[in-house]
Amino acid sequence: MEIQVRQAQIKDGSKVAPLIVDAIGEIANRITGEETPEAVIEGLIELFEREDNRNSYLNTYVAECNGEVAGVMVVYGGDQAVSLDAQLEKWLAAKNASVQTIEVEANPDEFYIDTVCVDPQFRGQGIGTILLKYAETLCKEQGYPKLSLSVELQKKRARHLYEKIGYVYSGPWMIIGEEFDHMVKVVQ
């Protein structure tokens, strides 16, 4: 089994959106301003196809296995968060969504892993670790000294994986009204 990580393409939207929902759960409803599962997916695809927000295909990488999208990762520089989220907030305001303010999720000197998820049929094969290692490469290429992510408090297995590969807890972080553990890895 050969895994390749590549920049996402617009055509990947229908495969990427459900994985983002799987990773972030109800937060997907809030960042799309939608309630029904179908509308949430449609909203994520719309954001994915645009170039001006955190969920854009430009910030997304996919792990491919035998031509299938096996996993997804959304990343961006913490110093880009305010401008990326301003576009998302404008989009939400135009939809009159209940959540119209998006909190910054990373410090300006961090390259931030917003979302990482492996398709259930490909889990347990090291794809998540491959994506996280790829994020380190991107972090170095883009000149950030640190890589960061936020993990939900109840996701103990995920936190254990992050600690195992060198992430350390840096403090609590609020994201759309929910508390997360912010974790950082110094990349050299």
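Please refer to the structure placed before this passage.
Computed from a predicted model, the values in this text were never measured in an experiment.

Section: helix 3 (residues 37-49)
One turn of an α-helix holds 3.6 residues; hence residues three or four places apart share an orientation.
Turning to step 1, where the next piece is worked out: In this model helix 3 runs 18 Å from its N-terminal to its C-terminal C-alpha over 13 residues, within 8% of the 18 Å that 1.5 Å per residue would give.
Turning to step 2, where the next piece is worked out: All of the buried residues in helix 3 are Ala 39, Val 40, Gly 43, Leu 44, Ile 45, Leu 47 and Phe 48.
Turning to step 3, where the next piece is worked out: Contacts made by the buried residues of helix 3 are with helix 1 (13-24), helix 2 (27-32), strand 2 (60-65) and helix 4 (81-94).

Brief notes about the layout of surface pockets
Turning to step 1, where the next piece is worked out: As a volume, the largest pocket reaches approximately 1000 Å³.
Turning to step 2, where the next piece is worked out: If you trace the largest pocket, you find 38 residues lining it, with Val 116, Cys 117, Ala 158, Leu 161 and Tyr 162 closest to the centre.
Turning to step 3, where the next piece is worked out: When residues of the lining of the largest pocket are traced back to their parent elements, those giving at least two are helix 1, helix 2, strand 4 (110-118), helix 5 (127-141), strand 5 (146-152) and helix 6 (156-164).
Turning to step 4, where the next piece is worked out: The element best represented in the lining of the largest pocket is strand 4, accounting for seven residues.
Turning to step 5, where the next piece is worked out: Each residue belonging to the lining of the largest pocket can be placed in one class, and the counts come to 20 nonpolar, nine polar and nine charged.

Structural notes on the packing of helix 1 against helix 3
Turning to step 1, where the next piece is worked out: Packing of helix 1 against helix 3 brings their axes to within 9 Å, and their N-to-C directions diverge by 120°. The angle between helix 1 and helix 3 falls in the class oblique. Along this stretch, helix 1 crosses helix 3, giving a crossing that reads as right-handed. From helix 1, Gly 13, Ser 14, Val 16, Ala 17, Pro 18, Ile 20 and Val 21 reach across to helix 3, where they touch Val 40, Ile 41, Leu 44, Ile 45 and Phe 48.
Turning to step 2, where the next piece is worked out: Along the lines of polarity and charge, the residues of the contact of helix 1 with helix 3 split into ten nonpolar, two polar and no charged.

Remarks on the sheet that holds strand 4
What links the strands of a sheet is backbone hydrogen bonding, and the strands pair in either a parallel or an antiparallel sense.
Turning to step 1, where the next piece is worked out: Spatial strand order, 1-2-3-4-5-7-6: seven strands in an open sheet with mixed pairing. Strands at the two margins of the open sheet, each flanked by one partner only, are strand 1 (3-7) and strand 6 (168-175). Averaged over all pairs of adjacent strands, the angle between strand axes in this sheet comes to 30°, irrespective of strand direction.
Turning to step 2, where the next piece is worked out: Where strand 2 meets strand 3 (residues 68-77), six bridges bridge the pair, whose relative direction is antiparallel. Residue Tyr 61 lies in a different strand from strand 3, and its bridge partner there is Met 73.
Turning to step 3, where the next piece is worked out: Here helix 1 sits on the sheet in contact with strand 2, strand 3, strand 4 and strand 5, set at roughly 100° to strand 4.

A few points about the nonpolar core
Turning to step 1, where the next piece is worked out: Residues Ile 24, Ile 31, Leu 44, Leu 88, Ile 102 and Ile 176 are the most contacted members of the largest nonpolar core, which totals 36 residues.
Turning to step 2, where the next piece is worked out: Looking at this core, the elements that each hand over two or more residues are helix 1, helix 2, helix 3, strand 3, helix 4, strand 4 and strand 6.
Turning to step 3, where the next piece is worked out: No other element matches helix 1, which puts six residues into this core.
Turning to step 4, where the next piece is worked out: Filtering out sequence-adjacent residues up to four positions away, Leu 44 remains in contact with Ala 17, Ile 20, Val 21, Ala 28, Ile 31 and Thr 32.
Turning to step 5, where the next piece is worked out: The next biggest cluster of nonpolar side chains, apart from the first, holds 27 residues, and it includes Tyr 61, Ala 63, Ile 127 and Val 187.

Rules of the game
- Residues numbered from 1 in each chain as written.
- Predicted model: local features only at pLDDT ≥ 70, side-chain atom pairs only at ≥ 80, totals over all residues.
- Heavy atoms only, no water.
- Helix = DSSP H or I, 4+ residues; strand = E, 2+ residues; numbered from the N terminus.
- Expected span 1.5 Å × (residues − 1).
- Buried < 20%, exposed > 50% of the residue type's maximum accessible area, 1.4 Å probe, protein only.
- Contact = heavy atoms within 4.5 Å.
- 1 Å grid on protein atoms, 1.4 Å probe; cavity = no way out; pocket = protein on both sides within 12 Å on 5 of 7 lines; lining within 4 Å.
- Points joined across faces, edges and corners; volume = space filled by probe spheres on them.
- Nonpolar A, V, L, I, M, F, W, Y, C, P; charged D, E, K, R; others polar.
- Axes fitted to C-alpha atoms, helices over the stretch in contact; angles between N-to-C directions.
- Parallel < 35°, antiparallel > 145°, perpendicular 65-115°, else oblique.
- Left-handed = near helix turned anticlockwise from the far one by under 90°.
- Pairing = 2+ DSSP bridges.
- Core = buried A, V, L, I, M, F, W, Y, C linked by side-chain atoms within 4.5 Å.

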